[in-house]
Every structure is written in structure tokens, then in C-alpha cells.
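Single-letter residue listing:
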Amino acid sequence: MRRALACLSALVLLMAAVAVVPPATRSAAALTGGAQPDPLRRWYAALAGRYTEPVSVVVMGDSNAEGTGATTSVHRRWQQVLQAQLRARFQPPGVKGAAVPYISASPRMYLVPADYERTATAGVGESSYGLGQRSATIPAGESVTMAFVGRRARLHARKGPEVGRYRIVLDGGTPVVVDGAAQSGANGQVIWDSGLLPAGRHTVKISRDSSSKATAAAVYPEGLMTYDGDEVAGVRVVDSARGGAKIGDFTGLNAWNWHVAFGALPAKGLLILPWGANDATSGTTPEAFRSGLEALIVLARGNGFAGSVLLVHMPKRGTASEQVWADYRTQMEAIAASDPDVAVLDLRARIPDKGGDDLGIYFDEVHYNDRGQAMIADQIAAAILPR
């Protein structure tokens, strides 16, 4: 009898030990043996270094990763809500931090919030360079203006044989001309640094300088990396998403567009990958979906990423196949089972699909309104907090 009670007590303790590990962040490998490490331990270690370097959380995916549907303010996108939650707990004393660490120069974003500080003249087009493969194509006579609140900014842009001279004007002052010509194409180049500025709001206007060679039809700014005291410390959530993208757009022959800019980000502690909405409705098989995710992770690691990966299984897109969506989750779990630094967060278990939404969280059949954005951020924050 005493032996039976001892066994029962041991079983209860074992069950309790398993229960305290949130299933959202446990890799499948962690379920098979108690000695398996926490798949987010590299993120925890990177976060612990926030006093001496700016720790980056990078979000890569489609329009749901980008935050489409947050219409009242850019600060209601789940990326910014997540950043605010992390900073409330972990930001070092005295470090304010840029509200939007990376401002894309591209016009690609759908439903740009009114306070997203980017404007462009009518002739500006889009190209696929840099973070999120979102850059602008600025021909002669056109311009893009980005504004930020902070104390420093760095312009990331493409250089290459077809690129003209960038004309950069800070706060309406004296133009700086930077030659974008190079023997071979190179994306993600930091071509301009504002240096330390007075705290406050600043504008950066970019155009093609008239001194460009006639054969250089345009310039290709990718985006503005902004800082507000967080150049050397703090926590930043960096947007590397692209509305309308499928995972194949970031792998294979398309990979060179983003990986250099990604590699230049300091202290990349966590890579969040909420993919699937466009793949599931355009014929990407579960097997191809898995191989794409694995290829993207390999590319990230090959470009300086040594942190943790969080695969996010989103609520099902309204027009997606139930079976395909379930199979995508199975493939994510299989990746986590074979990789000790990959975790899976099943948001579908926490946030209803559009068809079952009785909470008023959707903007349309795939995107989330401000309330839905906050729910996404809350769930991700709870999943990645150190324990």
C-alpha cells in the first residue's frame, strides 16, 4: 500500500511538472524526454544581454505578420503592441526606444495606418529588396519621405550597376548625395547615417539626384532603421513581413533579396514566423510548406541568426481547406520535433477562426482589427516571456 501511494505521488508530481510548461512554447522534442532544453533558451539569453546591445525580435511573414487590419494607428499593430509589452517589463532604465524601429520605404503595405510615417509622390513604385522584400523604386522627379520620432536613423538601400545617386534631405536641410552605383548588386546596404540628432520628430526625404548617370533610371531605398536611445541597449521588434507573400517568396532564388539586410540586424534573439494564410489558398502542399519553413530557418542561420524560432499557427483563413490548415500545423510540430531551437505557438487554440468569431476581432476574412491585433500580441507575449 505504501509503495502504491509513493508511486501515485510520483505520478502526480510528474504531471504537475509537465503542466507548468505552457504547451504553446514546447517543442515536440521536449515532450519525449525531460532532459530536452527549452527551445526558447537562446531567446532568453539574448534578452538577458539587453543592457549592452539592442535585442531584436524579427517578424517575417505575410500581411497578418505585417499587422494589416490595424487601421486606427500603427501603434495598434500587434508588432508594436508586443514591443510595448516587452519594453514594459524588460527595457533597461533610461532607454526609451524607437516606437517603429523599421519604417519601410515601400508603398506595398495594404491599409497603411494614417500615422505610419511614410508618404510618396505618385510616380514611386515598388521593388523587392531588403527586409520584408519591401523597397521603393524612385525614378527621376519623384520622392519618398519618412518621418520618425527619435535621435538617429540609418537608411538601408540597394546598390548596383543600375542604381542612381540617392539625394537625402534631413529635416529640410542641405542635401546629401550618395552614389548607389556598384559593380554588382547588393541589397541591405547602410548608405546613410544621420548621426546623433536632437530628440524629437525628424523627416528624411529621398529622391534620385539629377547628377545620376542617364542609364541609372532610379534609386531603391529599402527603409529607415530608427533609434531613440536604443542604439546600444533595449528591446526592438523589427518588421520584416510582406503583405501578400507566400513562403516561397522568401526562399530559393528570392532569398538574396532579404538576407543581407537581415544579417545586419544586431542581436537577433527571436524570429517569429506566422506563415500560412496565402500558401493555404494558393496550392502550397503541406510538404512544400514544411520545406519552405526549414529553408527559411537555414537561410536565417546562415546570415548571423543564432536565436530561437517561434512558428505561429494562426487561426484558419476563411477560404482555406480545413485539412490543409491542420496539416500545416502538423508540419510545424514536426519541424519543432527535429530542431531544439524551434517552438510552436498554436494561436488557433486561443483565437477563433473568422467563421466562429463571436468576439469582434476580425477586420475581414483573414485580417484582424485593433482588438484582434492586441489578442495576438498578448498570446505571443505570454508564450515568450522567460520562465
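Here, every reference points to the structure presented above.
Quick caveat, the model's predicted, so the values are computed rather than measured.

Q: Please clarify how empty space enclosed by the protein should be interpreted in this entry.
A: The method is simple in principle: a probe with the dimensions of a water molecule rolls over the atoms, and the space it marks as empty is what remains. A full pass over the atoms with the stated rule returns one cavity of 30 Å³ or more. Size it by volume and the largest cavity reaches roughly 50 Å³.

Q: I tried to follow helix H8 (residues 370-384) on my own but got confused; where do I start?
A: Since there are 3.6 residues in each turn of an α-helix, residues three or four apart along the chain are aligned in direction. Spanning 15 residues, H8 covers 21 Å between terminal C-alpha atoms, matching the ideal 21 Å at 1.5 Å per step. Taken together, the buried positions of H8 are Gly 372, Gln 373, Ile 376, Ala 377, Ile 380, Ala 381, Ala 383 and Ile 384. Where the residues of H8 are buried, they touch helix H2 (41-48), helix H4 (78-90), strand E15 (268-273), strand E16 (308-313) and strand E17 (342-346). Measuring from the backbone nitrogen of Arg 371 back to the side-chain oxygen at the start of H8 gives 3.1 Å, which picks out Asn 369 as the cap.

Q: Just checking my understanding: could you explain H2 for this structure?
A: Where H2 is concerned, the buried positions are Trp 43, Tyr 44, Ala 46 and Leu 47. Buried residues along H2 cover an arc of 165 degrees about the axis, so they all sit on one side. Pointing more than 90 degrees away from the buried face of H2 are the exposed residues Ala 45 and Ala 48. Close packing links the buried residues of H2 with strand E1 (54-59), H4, strand E14 (234-239), E15, E16 and H8.

Q: So what exactly am I meant to see when it comes to the packing of H4 against H8 here?
A: Each pair of packed helices can be described by the angle between their axes along with the distance between the axes. For the pair H4 and H8, interaxial distance at closest approach is 8 Å and the crossing angle is 40 degrees. Regarding the angle of H4 to H8, the classification is oblique. In the crossing of H4 with H8, the sense of the turn from one axis to the other is right-handed. Two secondary-structure elements touch here, H4 through Trp 78, Val 81, Leu 82, Gln 85 and Leu 86 and H8 through Gln 373, Ala 374, Ile 376, Ala 377, Asp 378, Ile 380, Ala 381 and Ile 384. Considering only residue class, the contact of H4 with H8 consists of 10 nonpolar, two polar and one charged.

The rules behind the values
Residues numbered from 1 in each chain as written. Predicted model: local features only at pLDDT ≥ 70, side-chain atom pairs only at ≥ 80, totals over all residues. Heavy atoms only, no water. 1 Å grid on protein atoms, 1.4 Å probe; cavity = no way out; pocket = protein on both sides within 12 Å on 5 of 7 lines; lining within 4 Å. Points joined across faces, edges and corners; volume = space filled by probe spheres on them. Helix = DSSP H or I, 4+ residues; strand = E, 2+ residues; numbered from the N terminus. Expected span 1.5 Å × (residues − 1). Buried < 20%, exposed > 50% of the residue type's maximum accessible area, 1.4 Å probe, protein only. Contact = heavy atoms within 4.5 Å. Polar contact = N/O pair within 3.5 Å; in protein donor to acceptor, adjacent residues only side chain to side chain. Arc of directions from axis to C-beta. Axes fitted to C-alpha atoms, helices over the stretch in contact; angles between N-to-C directions. Parallel < 35°, antiparallel > 145°, perpendicular 65-115°, else oblique. Left-handed = near helix turned anticlockwise from the far one by under 90°. Nonpolar A, V, L, I, M, F, W, Y, C, P; charged D, E, K, R; others polar.

Interpretation note: all reported values are geometric properties and have no functional meaning in isolation.
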